[in-house]
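For reference, the chains in residue letters:
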Amino acid sequence: MKTWRVLCVVVAALAATTPSRAADDGVPAFETLRAAHRPSDLIVLDRHGEPIQTLRIDDKARRLPWQPLATFSPALRELIVHGEDRQFWSHGGVDWSGLARGALARTQGRVQGGSTLTMQLAALLDPALARPAGGRGALQKWSQIGAAHALEARWSKAQILEAYLNLVPLRGELIGVPAASHHLFGKQASGLDRGEAALLVALLRAPNAAPALVQRRACALLGEAPDCERIGSLASRALVRRSAPPLGEQLAPHHARWLLAQQAKPITSVRLRSTLDARLQRSALQALRTQMAELQGRQVEDGAVLVLDNRSGEVLAWVGSSGPAWSDAPAVDAVLARRQPGSTLKPFVYALAFERGTLTPASLLHDAPADLDGGSGAFMPRNYDHRYRGWVSARSALAASLNVPAARLAALVGPEPLFERLNAAGLQLSESGGYHGLALALGSADVTLLQLSNAYRMLANGGRWTPVAGTPGAARAVFDARVAFQVGDILADAGARATTFGLDSALVTRGFAAVKTGTSKDMRDNWCIGFTDRYTVGVWVGNASGDAMHHVSGTQGAAPVWRALVQQLHAQQPSRAPPPPPGLERRAIHFDNQLEAPRDEWFLQGSGETLADARGRVPISEHARGRVHPNEHARGRLRVGEQLAQKRPSGISSPRDGSVFALDPDMPAPVQRIRFEGEAGQWWLDGQPLGSGASLQWMPWPGRHRLELKAADGRVIDRIAFEVRGAYVRR
């Protein structure tokens with residue numbers, strides 16, 4: 001008792017001489033502190049202000065937005081005062097009797113805290129007052145007492161308790177009761193029951209204590225025979241939780257990261273507004289995941305969707321991944337990943353040719369197996385379906401996505417001019433046109449879904465390229481507006497694409513839509529890009545790992561997602577075809593031998609006369625083989641390699657001796673074939689029999705080969721040598 005009386009006298013003397021601090025001496029205004037609070041997660045809003053994503057921007061601590069005192073559960077407010085500072089509502093910042101009890105406990109070798117909630121808050125606000133590992137000294141304690149008095153002089157009790165609950169450290173990286181409540185119990189602080197609140201209060205003195213110790217302290221705090229078994233079960237689950245539930249709806253993680261990276265200045269707000277539309281974003285995500293389910297069993301894991309506003313360039317939907325339920329790499333943003341675009345580059349090849357006057361939509365191209373000079377070896381393009389149509393118009397060749405005519409056209413316009421024009425369209429291709437060669441026309445270079453979709457948006461805007469909203473770049477004219485119209489008109493022609501895609505494919509929509517699919521080598525990437533009068537929609541389907549899909553074409557993979565979104569976007573107002581720009585004329589044309597049905601076609605003013613005769617007919621003649629169309633004598637021939645060689649009178653007619661073939665980098669290997677033709681007989685390759693007959697198809701492999709044609713008696717009729725090279729485009 002003597003020790004107790006001495007301590008009481010000392011504490012009373014200290015209370016009588018408590019240091020006074022000016023109300024503004026190091027104590028911030030409550031409103032200033034609250035306004036300066038920064039959560040560890042940025043809240044991203046859609047264009048209408050709806051939260052759609054949270055993004056972690058502070059990896060050192062986890063803090064949620066500041067919460068008013070009234071939003072904390074009554075049980076928590078009661079228990080934290082009861083367990084930490086029973087005289088909180090009556091003292092002036094310091095509980096002198098509590099300090100005396102703490103001092104007495106220390107003289108007896110026990111530890112008992114004497115700091116009030118106000119004193120603890122003062123230490124949280126001033127790092128110099130933080131408790132060191134060995135405990136506070138007398139001078140530091142004295143400063144803490146002075147800071148507590150200053151807080152009480154300037155703030156209300158409610159403000160002190162509110163700030164404490166938002167700032168107190170709780171277990172690991174968790175700062176504040178809101179963060180701890182969400183992480184440990186998966187709920188907001190307003191929903192904490194007495195057991196959960198007791199566990200949080202028990203953590204205050206030892207935030208990282210073992211669950212069993214926290215349970216005992218919580219049970220002691222509750223009193224009156226608490227249900228300690230439930231408390232123990234709750235503690236064992238909550239205190240070992242490795243990850244917290246999502247902070248609200250997580251609709252656009254990839255776009256949120258991209259949007260944050262575009263900010264020119266450091267983020268000072270807790271909210272960041274995007275141009276996304278939450279409703280459309282949900283639809284895009286659902287459409288992609290529905291398609292993933294449809295493609296189960298075909299080795300497809302990943303996908304991406306992008307929707308752009310044609311006029312403003314704003315991003316309305318951005319789905320970077322199919323999500324963890326489908327993908328092994330959900331963090332990879334497939335909107336920004338560079339992949340081979342396949343046939344989606346063909347419209348730009350035709351646009352360049354139209355603009356140069358090399359051909360018109362009615363010009364004839366020859367669709368037959370071709371061996372072209374690829375620059376570093378032979379280039380042997382083949383159509384995706386391995387069928388050939390003979391003479392076809394440029395409209396039909398582009399709409400039906402025929403590979404051979406596109407490759408021949410690329411040989412005419414040249415890979416370097418094509419390379420430069422594609423980069424002008426924002427594709428940011430690497431290397432050079434000569435590096436890629438003719439395969440560039442079939443999509444051998446890597447692009448991103450963002451770049452490619454914006455390039456199609458350029459066509460929708462009359463050939464004028466502008467950057468996606470929020471990204472740098474100067475507006476520029478890439479193609480003549482008349483040419484952009486011609487290409488868009490072809491891509492919207494369901495009849496012209498019917499020979500490849502049919503009349504009721506996933507590319508057919510209720511209103512105007514110009515659309516193109518693409519599939520890269522070995523079916524690793526599947527694309528569908530198209531635009532309406534208001535929107536551009538891009539879809540990619542494949543595998544982030546680069547693995548090939550199993551028999552998934554553009555209309556089977558990406559197109560259903562594209563169509564679903566276009567239908568939703570124009571559910572209330574169908575898309576309308578754009579009006580033709582000045583300088584175009586529409587003329588009726590007819591083809592000799594009824595090669596294609598008569599139709600009206602769009603021509604640049606003055607170009608139609610070089611194509612058709614006075615009757616508007618497009619003739620075909622033998623001397624036109626290898627040219628774009630018969631009336632282009634002055635414009636030169638389109639070289640097509642060796643495929644038009646005259647057949648030899650006997651023996652092997654195809655291939656010719658010394659031929660060099662290159663595997664097509666944009667066709668799956670199993671569908672590529674070299675056709676052997678000649679007299680009927682026995683075919684032998686490299687000393688091994690292949691089969692018999694007048695023709696034979698062989699799946700090539702790289703190397704030098706010797707082909708023999710033998711008679712029934714074993715006599716060699718003819719013998720040639722040829723070479724097969726791997727895809728000439730280096731990777």
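Scroll up to find the structure.
All values derive from a computational prediction rather than experimental measurement.

## So, the sheet that holds strand S14 (residues 535-542)
Taken together, five strands build an open sheet; the order of strands is S5-S4-S14-S13-S12 and the sheet is antiparallel. Each having just a single partner strand, strand S5 (315-319) and strand S12 (514-519) make up the two edges of the open sheet. With direction set aside, neighbouring strand axes in the sheet form an average angle of 5 degrees. Across four bridges, strand S4 (residues 302-309) lies against S5 in antiparallel orientation. Residue pairing across strands places Val307 opposite Ala317, the latter belonging to S5.

## Here we look at the packing of helix H14 (residues 346-356) against helix H20 (residues 481-491)
Two elements in contact, H14 and H20, have axes whose closest approach is 9 Å; the angle formed by their N-to-C orientations is 135 degrees. One way to sum up the angle between H14 and H20 is to call them oblique. Of the two elements, H14 crosses H20, and the hand of that crossing is right-handed. Seen from H14, the contacting residues are Pro347, Ala351, Phe354 and Glu355; seen from H20, they are Val483, Gln486, Val487, Ile490 and Leu491. Per-class residue counts for the contact of H14 with H20 are seven nonpolar, one polar and one charged.

## Quick notes on the environment of Val392
Relative to the helices and strands, Val392 is located in strand S9 (residues 390-393). Ignoring sequence-local partners within four residues, the contact set of Val392 consists of Ser363, Leu364, Leu365, Asp367, Ala397, Leu402, Pro405 and Glu596.

## Structural notes on the environment of Ala337
Relative to the assigned elements, Ala337 resides in the loop between S5 and H14. Linking Ala337 and Ala304, residues 33 residues apart in sequence, is a C-alpha distance of 9.9 Å. Each residue touching Ala337, except ones within four places of it in the same chain, is listed here: Val447, Thr448 and Leu449.

## With respect to H14
The buried fraction of H14 amounts to nine of the 11 residues, a majority that puts the element mostly inside the structure. Taken as a whole, H14 has its buried residues at Lys346, Pro347, Phe348, Val349, Tyr350, Ala351, Leu352, Ala353 and Phe354. Looking one or two residues beyond H14, the residue adopting positive phi is Gly357, at roughly 80 degrees.

Reading the values: rules and limits
Residues numbered from 1 in each chain as written. Predicted model: local features only at pLDDT ≥ 70, side-chain atom pairs only at ≥ 80, totals over all residues. Heavy atoms only, no water. Pairing = 2+ DSSP bridges. Helix = DSSP H or I, 4+ residues; strand = E, 2+ residues; numbered from the N terminus. Axes fitted to C-alpha atoms, helices over the stretch in contact; angles between N-to-C directions. Parallel < 35°, antiparallel > 145°, perpendicular 65-115°, else oblique. Left-handed = near helix turned anticlockwise from the far one by under 90°. Contact = heavy atoms within 4.5 Å. Nonpolar A, V, L, I, M, F, W, Y, C, P; charged D, E, K, R; others polar. Buried < 20%, exposed > 50% of the residue type's maximum accessible area, 1.4 Å probe, protein only.

So, to be careful, I would describe these as geometric facts and stop short of saying anything about function.
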